[in-house]
Amino acid sequence: MSSTVSYRIFNSVRNRIAVLQGGRRSYSRGASIRNQLKWRHFPQTSSTLKNRIPCGSFALQKAFRHTSTEEEDFHLQLSPEQVNDLLRAGESSHKLLDFNSGVPNSVLRFESNQLAANSPVEDRQGVASCMQTNGLMFGIFDGHGGHACAQAVSERLFYYMAVSLMSHQTLGQMEEAMENMQPLLPILQWLKHPGASIYKDVTSVHLDHLRVYWQELLDLHMEMGLSIEEALMYSFQRLDSDISLEIQAPLEDEVTKNLSLQVAFSGSTACMAHVNGIHLHVANAGDCRAILGVQEDNGVWSCLPLTRDHNAWNEAELSRLKREHPESEDRTLIIDDRLLGVLIPCRAFGDVQLKWSKELQRSVLERGFDTEALNIYQFTPPHYYTPPYLTAKPEVTYHKLRPQDKFLVLASDGLWDMLGNEDVVRLVVGHLSKVGCHKPDLDQRPANLGLMQSLLLQRKASGLHAADQNVATHLIRHAIGSNEYGEMEPERLAAMLTLPEDVARMYRDDITVMVVFFNSESIDTYYKEGSESHPVAKASTNTI
């Protein structure tokens, strides 16, 4: 395998590292780095790739990621088969039943995958159905400053949502069961669990706070529960409030205290979709993203964005921040395209450093925590005058599904750093049709040597790997292995998978992708039988 691509990528990364270590931070919005460290000052943990690969999954034969940044130690030794094994190690798929409690299921199946850049990976994902309603929930959770907050949110948010949608009668049954120490009604059925929990020892605390929440809902005396929009809004904010309060409360158990501190002082963005029949709601806080792939009656494909990134490039988000803080802070709210100069997303769970007063932070951290061992970075940004600066309040979008709506893509920003919305739809459509729909049009592009070389590389790539069966894997492959023309370069792909561990995070982020396919026939049945009306959300559509 030629080392040209690997040498270029390695030198590019090494130069960026030198800039960072030299104190001159050169950040850009380009796909190659785009401010990849969300918390500018947070230390990065490291361990080997070996710790993240299940035993017996495949043999890498010296293909483990190196931890040295010395050029002579940087070698590519991945065969095409090993590339496929690495890319497909985290993939999963699930087909849903055609009917749910006798009602046509609007979701046909979902496919997902995850590729780590951090060690350990900081992204989480989950899929679950509400046992007391007919709703399906899909979530992507992108952690920063560690994985603790993302893990906690991925395990707990769906429960808050499910409780929010329960009727007054069902909530009463839940409370009665708790009072009589009887088994609770089932709340969730996990279709894809966030993973092995590190919070088994503190789940009783979590259940106690969930119970307080449903007790408060009982006191509202609403027979049918909250609307889906209200449930999403309340669930996000209530869970974030509980994360904050749990570490402020006196806790005697050392494990509970330490885990609660790690959750509160790390952070996580979240993008969650709730599907019930033809009703699709998406709640987003941060810079994960959700888009719809739409095929019109004339066969033309288009992309319908359902979320907006909450960051410095969102003018509406900047306006919100300025409304919430004194005019004297207008120039210091965003510094170097980061909230207060430290955090890329402007909405997130956790991150109490940007929510609590300085006095509260000191009082909590002075309780004898070993902050260094817990990887808690004590830092108060300059110009920290009127907290909170960060919120977990989500932006909620509603969309009434139509037979033309074919699939939903949820992904962490690691994917969107590399691919645009329309690129993702093209790749999914091309995967479905088994024919790439993103080949360059020779009539519209200059016939130069660069283009000719990319076409040859594409032809070479098509013979090096069998077609991915999982569309999320297909997206990740193209996100990290495509050149400027959108064509696969096998050497680039292999190089991106074997970047030294201590520099991989500087070049790409964790990537987590979930693609939900809709059942057009079931959706059409809803319309023929006359579904309930609901106002359609306003969103712009981009034609592919």
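Quick caveat: nothing in here was measured; it's all calculated off a predicted structure.

K.L.:
Where do I start with the pairing of strand β4 (residues 107–115) in this structure?
P.N.:
Within a regular strand, side chains alternate between the sheet's two faces. Across four bridges, the pairing between strand β1 (residues 92–95) and β4 is antiparallel. Within β4, the residue paired with Ser93 across the bridge is Glu111. Direction of pairing for β4 relative to strand β17 (residues 511–518): antiparallel, over a ladder of eight bridges. Opposite Leu115, over in β17, you have Ile511 as the bridge partner.

K.L.:
Is there a simple way to explain the packing of aromatic side chains in this structure?
P.N.:
Where two aromatic rings form a pair, the distance of their centres and the angle of their planes describe that pair. The full count for this structure, using the stated rule, is ten aromatic pairs. Consider the rings of Phe110 and Phe138, whose centres lie 5.8 Å apart with planes at 75 degrees: the pair is edge-to-face. Highlighted residues: Phe110 in strand β4 and Phe138 in strand β6 (residues 136–144), separated in sequence by 28 residues. With centroids separated by 5.4 Å and ring planes inclined at 40 degrees, the aromatic side chains of Phe236 and Phe349 adopt a geometry described as tilted. Of this pair, Phe236 sits in helix α6 (residues 228–248) while Phe349 is found in strand β14 (residues 349–350), placing the two residues 113 residues apart along the sequence. Overall, Phe349 belongs to the buried group, its relative accessible area being 0%. A network of ring pairs unites the aromatic residues Phe141, Phe158, Tyr159 and Trp190 as a single cluster. The ring of Phe517 is capped by Arg109, whose NZ or CZ atom sits 4.0 Å from the centre of that ring. The ring of Phe369 carries Lys257 above its face, with NZ or CZ at 5.7 Å from the centroid.

K.L.:
Even after reading the chapter, I still don't get unusual backbone geometry, so can you show me in this structure?
P.N.:
Negative phi characterises most residues that are not glycine, and trans characterises most peptide bonds. Residue Pro120 is bonded to the preceding Ser119 through a cis peptide linkage, with omega at 5 degrees. Structurally, Pro120 can be placed in the loop between β4 and β5 (123–130). The peptide bond linking Pro387 to Pro388 adopts the cis configuration, its omega dihedral lying at 5 degrees. Within the secondary structure, Pro388 sits in the loop between α9 (358–365) and β15 (395–400).

K.L.:
Whenever I open this one, helix α7 (residues 254–265) confuses me. Can you help?
P.N.:
At 3.6 residues per turn, the α-helix brings residues three or four places apart onto the same side. If you check α7, its first and last C-alpha atoms are 17 Å apart, about what twelve residues at 1.5 Å a residue would give, namely 16 Å. Of all twelve residues that make up α7, nine are buried, and the element is covered over most of its length. Taken residue by residue, α7 has Thr256, Lys257, Asn258, Leu259, Ser260, Leu261, Val263, Ala264 and Phe265 as its buried positions. Contact partners of the buried residues in α7: α3 (148–164), α5 (203–219), α6, β8 (267–276), β14 and α9.

Parameters and conventions
- Residues numbered from 1 in each chain as written.
- Predicted model: local features only at pLDDT ≥ 70, side-chain atom pairs only at ≥ 80, totals over all residues.
- Heavy atoms only, no water.
- Pairing = 2+ DSSP bridges.
- Helix = DSSP H or I, 4+ residues; strand = E, 2+ residues; numbered from the N terminus.
- Phe/Tyr/Trp six-rings, centres within 6.5 Å; stacked < 30°, edge-to-face > 60°.
- Buried < 20%, exposed > 50% of the residue type's maximum accessible area, 1.4 Å probe, protein only.
- Lys NZ or Arg CZ within 6 Å of the ring centre and 35° of its normal.
- Expected span 1.5 Å × (residues − 1).
- Contact = heavy atoms within 4.5 Å.

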